[in-house]
Amino acid sequence: MSCVLVVGGGGREHALVWSLSRSPRVERLIAAPGNPGIASCDRTENAPVAASDTAGLVELCRRESVDLVVVGPEGPLAAGLVDALAAAGIAAFGPDASCARLEASKAHCKQFLIDNRIPTAAAHIFRDAGDALTHLQARPDVPVVKASGLAAGKGVIVPETRQEAVAAVESMLIGGRFGAAGSEILLEERLEGQELSVLAFCDGEHFAVLPPAQDHKRLLETGRGPNTGGMGAVAPSPAASPKLIARVSERIIGPTLAALRRAGTPYRGVLYAGLMLTGDGPRVIEFNCRFGDPEAQAVLPLLRSDLYEIMAACATGSLAGAAIDWSPEACAAVVMASAGYPDGRADPAPILGLDGAAGAGCTVFHAGTETIGGVLHATGGRVLAVTAVGPDIEAAARRAHQGVAAIDFEGAQHRADIGLALAEAGRAGPQTPDHPAGR
Ligand code: AMP
Ligand code: GLY
């Protein structure tokens, strides 16, 4: 019997704890720092240690005799939490800092992709605003502007005009938007097509692909408004045929893991490939070194196998031959965010109606929640992910939207089209809601 520590306190981590708590092999779960929803899972408690406190987390593992650490967010991975745990002899699900640079530095990732002939968009890298603006004026197209470092999923600007591109470059390299994360930028060829996230469990050598999920990055319905961390997700994505997944495995995931192994840094954990399905085949837009949020909330409810056993196999290099069983059903996760998300702040607001959502058959994963004076409050950012499973995406999404309708907190925002636009588009042929085909 095992004690597992899950690092983080968002909706993704709630879904991870919820899934791990179903394992008969897990005796105890600790979340650091966790959240009120996480603490309500079976055999689970929160520990008041920040996800960024590497020394504190190692100490917590020693004190509580933790057998396996599962790291949710990218920050601690990039900061070397898994390296520190390895040095202390503690098994972890998640890549070391060297592998996590694939997410933490888009400049490094781009070089890695080019060196290993993995299909991606062409890009130029700049630190100097003058050089970047000269390059921008000289090229015929309007490129995507990307902060190289970690920017909570908000560091990519897709300008429509050259003027907007100039403003984006200036905001990062002169205005200091995104701080150090934006002191190096990529000007990247704009790709057209549908987007798809393909995630794989990896043990350093072998991998197993998860049901592909589709995120909805934009704040507003039909893919309008600013990019966010993700306003909802569905799985499995109708855009992903088995043939496409085989091609992604063969040309992208497999070669990436082989290159990392050759470099002496085998990748253990979840590798998340953000792809654009272009006319020339799938190309990598980005790698993430962890589960997506809210993709995890839409994928993990479909897992029938024991998540603990899979993660332990990844951590110990024994994933080969593991049979991972997924439900043939579909899942939809609809995010409810605070007023002002993604940029502003909101005052704490009491959350009502969670029982109604449960009564509608939904599982509600918590992110920005806090118990204040004995009452659950929304405390900003993405607050809840209301999740439901059904025979197909439309049925799952309708149920999730029923759950959303039951919940209320002041200023709550959500996208009413999560899963439904996709179902409609599916009838006309597969499309991505935020990037309608033919744009
Ligand atoms: P990322 O944070 O790298 O996933 O980028 C955020 C979003 O920006 C993606 O989900 C895409 O919608 C868009 N994006 C990023 N790179 C490109 C590109 N090269 N061409 C078109 N859109 C892109
Ligand atoms: N939902 C996108 C991400 O987690 O990066």
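These numbers come from a predicted model, not from an experiment.

## Quick look at the layout of surface pockets
(1) Moving on: In this structure, the second largest pocket spans a volume of roughly 220 Å³.
(2) Moving on: Taken together, K154, V156, I157, V158, R177, F178, R218, G225, P226, N227, P342 and D343 make up the full set of residues lining the second largest pocket.
(3) Moving on: Put simply, the parts of the chain that give the lining of the second largest pocket at least two residues each are strand 8 (156–157) and strand 14 (224–227).
(4) Moving on: Taken together, the residues of the lining of the second largest pocket break down into six nonpolar, two polar and four charged.

## Considerations on the pattern of salt bridges
(1) Moving on: The tally for this structure, following the rule as stated, stands at 18 salt bridges.
(2) Moving on: Between E59 and R63 there is a salt bridge, and its shortest N-O distance comes to 3.7 Å. Of this pair, E59 and R63 both sit in helix 3 (residues 54–63), four residues apart, roughly one helical turn.
(3) Moving on: R290 is the partner of E74 in a salt bridge, and the nearest nitrogen-oxygen pair spans 3.0 Å.

## Looking at the site of ligand 1
(1) Moving on: For ligand 1, the set of nearby residues contains 16 residues, the closest of which are E188, L191, E195, I285 and E286.
(2) Moving on: In this structure, a nitrogen atom belonging to ligand 1 sits 3.0 Å away from a side-chain N or O atom of K146.
(3) Moving on: Measuring from an oxygen atom of ligand 1, one finds a side-chain N or O atom of E286 at 2.7 Å.
(4) Moving on: Considering ligand 1 on its own, with 470 Å² of exposed area, one finds that the protein chains cover 95% of that surface.
(5) Moving on: Of all elements in the fold, only strand 7 (144–147) and strand 17 (281–288) reach the threshold of two or more residues within the shell around ligand 1.
(6) Moving on: Taken together, the residues of the shell around ligand 1 sort by class into six nonpolar, two polar and eight charged.

## Let's talk about helix 3
(1) Moving on: What helix 3 keeps buried is the set G56, L57, V58, L60 and C61.
(2) Moving on: Looking at the buried positions of helix 3, the neighbouring elements they touch are strand 1 (2–8), strand 2 (26–33), strand 4 (68–71) and helix 5 (81–87).
(3) Moving on: Looking one or two residues beyond helix 3, the residue adopting positive phi is S65, at roughly 50°.

## Concerning the packing of helix 8 (residues 129–138) against helix 9 (residues 162–173)
(1) Moving on: Packing of helix 8 against helix 9 brings their axes to within 10 Å, and their N-to-C directions diverge by 170°. One element, helix 8, and the other, helix 9, form an angle in the roughly antiparallel class. Here the hand of the crossing between helix 8 and helix 9 comes out right-handed. Facing A129, A132, L133, L136 and Q137 of helix 8, the residues of helix 9 in contact are R162, A165, V166, V169, E170 and L173.

## A few points about the pairing of strand 10 (residues 194–203)
(1) Moving on: In terms of residue burial, strand 10 counts as a mostly covered element, since nine of its 10 residues are buried.
(2) Moving on: With 10 bridges connecting them, strand 10 and strand 16 (residues 268–278) associate as antiparallel partners. Bridge pairing in strand 16 places E195 opposite M276.

## A closer look at the environment of A406
(1) Moving on: With respect to the secondary-structure elements, A406 resides in helix 14 (residues 393–406).
(2) Moving on: Once you skip the residues sitting within four places of it in the chain, A406 turns out to touch L352, G353, G356 and A357.

## Remarks on the confidence of the model for the protein chain
(1) Moving on: Here the protein chain averages 94 in pLDDT, and 96% of its residues register 70 or above.
(2) Moving on: Considering only residues more than four positions removed or in separate chains, one finds that residues 428–433, a stretch of pLDDT under 50, has 17 contacts.
(3) Moving on: Of the regions scoring below 50 in pLDDT, residues 435–439 engages in six contacts with residues more than four places distant in sequence or in other chains.

## Details of the environment of P294
(1) Moving on: By the element assignment, P294 lies in the loop between strand 17 and helix 11 (295–299).
(2) Moving on: By relative accessible area, P294 is classed as buried at 0%.
(3) Moving on: Along the chain, P294 and K146 lie 148 residues apart, while their C-alpha atoms are 22 Å from each other.

## Remarks on the site of ligand 2
(1) Moving on: Every residue lining ligand 2 is accounted for by D215, G229, Y272, N288, R290, G292, D293, P294 and E295.
(2) Moving on: At 2.7 Å from a nitrogen atom of ligand 2 is found a side-chain nitrogen or oxygen belonging to D215.
(3) Moving on: For ligand 2, an oxygen atom lies 2.9 Å from a polar atom in the side chain of R290.
(4) Moving on: In isolation ligand 2 offers 200 Å² of accessible surface; the protein chains occlude 93% of this area.

Basis of the calculations
Throughout, residues of each chain are indexed from 1 in the direction in which the sequence is written. The naming scheme follows written order: chains are lettered A onward, ligands numbered 1 onward. Thresholds applied to this predicted model are a pLDDT of at least 70 for local features of residues and 80 or more for the giving and counting of side-chain atom pairs; totals over whole chains, interfaces and linings are not thresholded and use all residues. The side-chain quantities take in all heavy atoms of the structure and omit both hydrogens and water. In this analysis a 1.4 Å probe is tested at points of a 1 Å grid over the protein atoms alone, and where it fits but cannot get out there is a cavity; an open set with protein on both sides within 12 Å along at least five of seven lines is a pocket; lining residues have an atom within 4 Å of a point. Grid points are joined across faces, edges and corners, and a volume is the space filled by probe spheres set on the points. Under the scheme used here, helices are H or I runs from DSSP no shorter than 4 residues and strands are E runs no shorter than 2 residues, and both carry numbers assigned from the N terminus. Basically, the charged four are Asp, Glu, Lys and Arg, the nonpolar ten are Ala, Val, Leu, Ile, Met, Phe, Trp, Tyr, Cys and Pro, and anything else, Gly included, counts as polar. Whenever a carboxyl oxygen of Asp or Glu lies within 4 Å of a side-chain nitrogen of Lys or Arg, that contact is scored as a salt bridge. In this text, near means that some heavy atom of the residue lies within 4 Å of the molecule or strand in question. Between N or O atoms, a polar contact is any pair within 3.5 Å; within protein, one atom must be a potential hydrogen donor and the other a potential acceptor, and residues adjacent in sequence are included only when both atoms are from side chains. Working definition of accessibility: Shrake-Rupley area with a 1.4 Å probe, residue cover restricted to the visible protein chains. A 1.4 Å probe rolled over the protein chains alone gives each residue an accessible area, and that area as a share of the maximum for its type sets the label: buried under 20%, exposed over 50%, partly exposed in between. In this description, contact between two residues means that some pair of their heavy atoms is separated by no more than 4.5 Å. Only the stretch in contact is used when fitting a helix axis, every axis being a line fitted to C-alpha atoms; angles between N-to-C directions are given from 0 to 180 degrees. Oblique is the label for every angle not falling under 35 degrees (roughly parallel), over 145 degrees (roughly antiparallel), or within 65 to 115 degrees (roughly perpendicular). By convention, the crossing between two helices is left-handed when the near helix turns anticlockwise from the far helix through less than a right angle, and right-handed when the turn is clockwise. A pair of strands is treated as paired once DSSP finds two or more bridges between them. The predictor rates its confidence in each residue with pLDDT, a number between 0 and 100.

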